Amino acid sequence: MIIPQCSPVSGYQARKEEIDRAIAQVLNSGWYILGNEVDSFEQEFAAWNNVCHCISCGSGTDALELILRACGIGEGELVITVANTAVATVAAIERAGALPVFVDIDPETFTMCPVALEKLLVQNNKKIKAVIAVHLFGHPATINEISIITEKYGKILIEDCAQAHGAAVDEKKVGTFGIAAGFSFYPTKNLGALGDGGAVITGSLELAEKMRAIRQYGWEQRYISSCAGINSRLDEIQAAILRVKLRYLDEDNHKRIRLAQIYDSELSSLSSIKLPKKYSGSNHVYHQYVILAENRDRLRKFLNAENIGTAVHYPIPIHKQPAYLQYAAELPVTEEVNGKLLSLPIFPELDESAVRLVGGAIKKFYS
Ligand SMILES: Cc1ncc(COP(=O)(O)O)c(C=O)c1O
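Because the structure is a prediction, the values reported are computed rather than measured.

1. Some points on the overall build of the chain
Right, on to step 1. Looking only at helices and strands, one finds 13 helices and 15 strands in the chain.
Right, on to step 2. Taking 21 Å as the expected radius of gyration for a compact globule of 367 residues, we find that the chain reaches 20 Å, a close match to that expectation.
Right, on to step 3. Judged by the C-alpha coordinates and their principal axes, the chain covers about 65 × 55 × 40 Å.
Right, on to step 4. In the chain, which comprises 367 residues, the proportion classed as buried is 48%.
Right, on to step 5. Sequence separation of 24 or more characterises 70% of the internal contacts of the chain that already satisfy a separation of 6 or more.

2. Observations concerning the site of the ligand
Right, on to step 1. Among the 15 residues in the neighbourhood of the ligand, the closest are listed as Ser 59, Gly 60, Ala 88, Ala 162 and Ser 184.
Right, on to step 2. Broken down by class, the residue content of the shell around the ligand amounts to 5 nonpolar, 8 polar and 2 charged.

3. Examining the packing of helix H3 (residues 36–49) against helix H9 (residues 236–246)
Right, on to step 1. Two elements in contact, H3 and H9, have axes separated by 8 Å at closest approach and are oriented at 35°. For H3 against H9, the interelement crossing comes out left-handed. Across the interface between the two elements, Glu 37, Val 38, Ser 40, Phe 41, Glu 44, Phe 45 and Trp 48 of H3 pack against Glu 236, Ala 239, Ala 240, Leu 242, Arg 243 and Leu 246 of H9.
Right, on to step 2. Residue composition of the contact of H3 with H9, by class: 8 nonpolar, 1 polar and 4 charged.

4. Overview of the nonpolar core
One recurring pattern in soluble globular proteins: nonpolar side chains tend to sit buried together.
Right, on to step 1. Among the nonpolar cores identified, the biggest contains 103 residues, and Leu 66, Ile 67, Met 112, Leu 117, Ala 199 and Val 200 are the most heavily contacted of them.
Right, on to step 2. Aside from chain neighbours lying at most four places away, what touches Ile 67 is Ile 158, Ala 180, Gly 182 and Val 200.

5. Considerations on the domain arrangement of the chain
Right, on to step 1. When the domains of the chain are assigned, the result is domain 1 (8–103 + 110–246) and domain 2 (249–366).
Right, on to step 2. One C-alpha centre belongs to domain 1, the other to domain 2; they are set 24 Å apart.
Right, on to step 3. Taken together, the contact pairs 29 residues of domain 1 with 27 residues of domain 2.
Right, on to step 4. Elements represented by at least two residues in the side of domain 1 that touches domain 2 include exactly helix H1 (8–14), helix H5 (87–95), strand S3 (99–103), strand S6 (168–169) and H9.
Right, on to step 5. In terms of residue count, H1 provides more of the side of domain 1 that touches domain 2 than any other element does, 3 residues in total.
Right, on to step 6. When grouped by side-chain class, the residues that make up the side of domain 1 that touches domain 2 number 15 nonpolar, 11 polar and 3 charged.

6. Description of the environment of Thr 61
Right, on to step 1. Take Thr 61: it is sitting in helix H4 (residues 60–70).
Right, on to step 2. Separated by 183 residues in the primary sequence, Thr 61 and Val 244 place their C-alpha atoms 23 Å from one another.
Right, on to step 3. If we skip the residues at most four places from it in the chain, Thr 61 touches Ala 88, Ala 91 and Ala 92.

7. Focus: the packing of H4 against H5
Right, on to step 1. Running from amino to carboxyl end, H4 crosses H5 at an angle of 40°, the nearest separation of the two axes being 8 Å. Between H4 and H5, the crossing angle belongs to the class labelled oblique. In terms of crossing hand, the pair formed by H4 and H5 is right-handed. Where H4 approaches H5, its residues Gly 60, Thr 61, Leu 64, Glu 65 and Leu 68 are matched on the opposing element by Ala 88, Thr 89, Ala 91, Ala 92, Ile 93 and Arg 95.

8. Notes on the sheet that holds strand S12 (residues 273–274)
Right, on to step 1. Taken in spatial order, the 3 strands line up as S12-S14-S15 in an open sheet, and their pairing is antiparallel. Lying at the two open borders of the sheet, with one neighbouring strand each, are S12 and strand S15 (341–344).
Right, on to step 2. One ladder, built from 4 bridges, connects strand S14 (residues 289–293) with S15; its direction is antiparallel. Counted as the bridge partner of Leu 292 is Leu 341 from S15.

Conventions and cut-offs
- Residues numbered from 1 in each chain as written.
- Predicted model: local features only at pLDDT ≥ 70, side-chain atom pairs only at ≥ 80, totals over all residues.
- Helix = DSSP H or I, 4+ residues; strand = E, 2+ residues; numbered from the N terminus.
- Rg over C-alpha atoms; globule rule 2.2 N^0.38 Å.
- Buried ≥ 20, exposed ≤ 12 C-beta atoms within 10 Å, placed from the backbone.
- Contact = placed C-beta atoms within 7 Å.
- Near = placed C-beta within 6 Å.
- Nonpolar A, V, L, I, M, F, W, Y, C, P; charged D, E, K, R; others polar.
- Axes fitted to C-alpha atoms, helices over the stretch in contact; angles between N-to-C directions.
- Left-handed = near helix turned anticlockwise from the far one by under 90°.
- Core = buried A, V, L, I, M, F, W, Y, C linked by C-beta atoms within 7 Å.
- Domains from an automatic or database assignment.
- Parallel < 35°, antiparallel > 145°, perpendicular 65-115°, else oblique.
- Pairing = 2+ DSSP bridges.

See below:
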């Protein structure tokens, strides 16, 4: 038996009839971009997150770019984020014309370290306009602390929720702590389309209106642009698929949580690995189940030989990647954990017995 690390096709097959019907309806409707399905999805996703506005777009990267542009952040301005994230977070900053400044992470949660953040902000660099907190692997960054700090120093707080649909702190969903939040619907995400897709959520009507304009050539009304824009629209087919999948998102997140509990109990006796931590009050939705493993690369090879898929998120932190060497930063924790992170198989359709099998193989490797 092969156990894949993730399986977007299983997500499709689990709801095949409903998804096929939804796609057929769109195909027959004759309307393919920004129509009724997109409108309905935006309303439903906003309601699911308990916010007023959702603006869908072409990808999670675009969602972050839309937020930055709508906030007026651009040319030569600085945005703080982490180097332990998808390159997309940084690509969005650059696309808006701004520059990233990297801050170190907390060794327990692998997300932005509030103490390191405050150390950067206390230097009073006026060019720093915003902070993008990334809720990585499905676990909320320590967002209450981060939002107190951004408020204290007068910086805009933006959330990158690409990996954290439904994660929460004290029952308040991530994406509702800052001025706006970007989501990705890349097929492997907790809420995944069958193609590219993204969205912004925000409580601000003013920002929402700006982003609706920017996502479509800056149009204030058809063919009349009121500002510089881009083309980043969600199509009707993806919106229809997302509407089906959104109905099952709570159930699917609970399945991920259940699988994570099984990993926890299978692996807790091993001293060579550290299990993912949750801080008190946080709801982790396990986009990934990521362990810190001694001899990570050897373990990975061993699991591969046992037909168990794994992934490394991410093999090189962004400040060490060829395209980003100019943003050098001292990030000891990011660099220390980087060589040990290993993402084990997790997706809602994964069998509990498969998780036990993975646990057994890891124990065999360290025995
Ligand atoms: C943390 C993070 N931010 C942003 C993105 C960008 O999303 P997309 O691939 O939809 O552009 C991703 C997706 O991989 C991500 O994981």
